[in-house]
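# Analysis of the macromolecular model
What follows is the residue order along each chain.
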Amino acid sequence: MLKYPNYVAFLENVAIPNADVFSVIVAWGEVLVGLGLIVGVFTSAAAFFGVVMNMSFMFAKTVSSNPWMGMISMFILAAGANAGRYGGDRWVLPYVKNLVFKNRNNEKGMGANRDLREAI
């Protein structure tokens, strides 16, 4: 049987001793990935973390439909380039981008402040 020694060490030394914490993290991760993909908000991030969870299940030798899900998730990640056309990313991503880069644009002299300086 093929074993993954690094993953086995992680399970034995980190995951199993902290099983109560990991059970909460996995449950919330599954809910958030599902909501992200269904609602279409942060689709690329949700697909990425879905692939990470699926790979961890495959490393733990939980083989059922996981290899098929792994292949399908690669297509979902590739489709992430089109995220924002139909789902919630259409409104959420520009809003987050403006929040994150709001001060950066003002420091570089872009935006409304630049127009005021040129007028003076």
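From a predicted model like this one, the values you see are computed outputs, not experimental measurements.

## Regarding the overall build of the protein chain
For the protein chain, the count of helices and strands is six helices and zero strands. Taken from the N to the C terminus, the helices and strands of the protein chain come in the order α-α-α-α-α-α. The proportion of buried residues among the 120 residues of the protein chain is 17%. Contacts in the protein chain between residues far apart in sequence, at least 24 positions, make up 54% of those at least 6 positions apart. For the protein chain, the exposed area adds up to about 9,400 Å²; of that, 68% sits on carbon and sulfur atoms.

## A short note on the confidence of the model for the protein chain
A residue-level look at the protein chain finds 78% of positions with pLDDT of 70 or above and a mean pLDDT of 79. Confidence, expressed as mean pLDDT per element, reaches its minimum in the protein chain at helix 6 (residues 112-119) with 49 and its maximum at helix 2 (residues 19-39) with 93.

## Concerning the side chain of T43
Relative to the assigned elements, T43 resides in helix 3 (residues 43-59). Classification of T43 as buried rests on a relative accessible area of 16%. Looking at T43, its side chain comes within polar contact range of the side chain of D89, at 2.9 Å.

## Comments concerning the packing of aromatic side chains
Applying the stated criterion across every chain yields a total of five aromatic pairs. Their ring planes at 65 degrees and their centres at 4.8 Å tell us that Y4 and F59 sit as a pair that is edge-to-face. Taken as a pair, Y4 in the segment before helix 1 (5-15) and F59 in helix 3 lie far apart in primary sequence, 55 residues in all. Since its relative accessible area comes to 34%, F59 is described here as partly exposed. Pairing Y7 with F59 gives two aromatic rings, centres 5.6 Å apart and planes at 40 degrees, and the pair type is tilted. Here Y7 is found in helix 1, whereas its partner F59 is found in helix 3, with 52 residues between them in sequence.

## Observations regarding a nonpolar patch on the surface
Together, V24, W28, V31, L32, L35, I38 and V39 give the surface a local cluster of nonpolar side chains, amounting to about 730 Å² of exposed area. By secondary structure assignment, the location of V39 is in helix 2.

## Things to note about the environment of S23
With respect to the helices and strands, S23 occurs in helix 2. Here the side chain of S23 touches D20 through a polar contact of 2.8 Å, landing on its backbone oxygen.

## A closer look at helix 2
For helix 2, built from 21 residues, the straight-helix expectation of 30 Å at 1.5 Å per residue is met to within 8% by its first-to-last C-alpha distance of 30 Å. Within helix 2, burial applies to G29, V33 and G36. All buried residues of helix 2 lie within an arc of 65 degrees about the axis, which places them on one face of the element. Facing away from the buried side of helix 2 by more than 90 degrees, the exposed set consists of D20, W28 and I38. Buried residues in helix 2 make contact with helix 3. The positive-phi residue at the C-terminal boundary of helix 2 is G40, with phi of around 85 degrees.

About the cut-offs
- Residues numbered from 1 in each chain as written.
- Predicted model: local features only at pLDDT ≥ 70, side-chain atom pairs only at ≥ 80, totals over all residues.
- Heavy atoms only, no water.
- Helix = DSSP H or I, 4+ residues; strand = E, 2+ residues; numbered from the N terminus.
- Buried < 20%, exposed > 50% of the residue type's maximum accessible area, 1.4 Å probe, protein only.
- Contact = heavy atoms within 4.5 Å.
- Areas by Shrake-Rupley, 256 points an atom, 1.4 Å probe, with all protein chains shown as cover.
- pLDDT = per-residue confidence, 0-100.
- Polar contact = N/O pair within 3.5 Å; in protein donor to acceptor, adjacent residues only side chain to side chain.
- Phe/Tyr/Trp six-rings, centres within 6.5 Å; stacked < 30°, edge-to-face > 60°.
- Patch = residues over 30% accessible without salt bridge, like charges linked within 9 Å, V, L, I, M, F, W, Y side chains within 5 Å.
- Salt bridge = Lys/Arg side-chain N within 4 Å of Asp/Glu carboxyl O.
- Expected span 1.5 Å × (residues − 1).
- Arc of directions from axis to C-beta.

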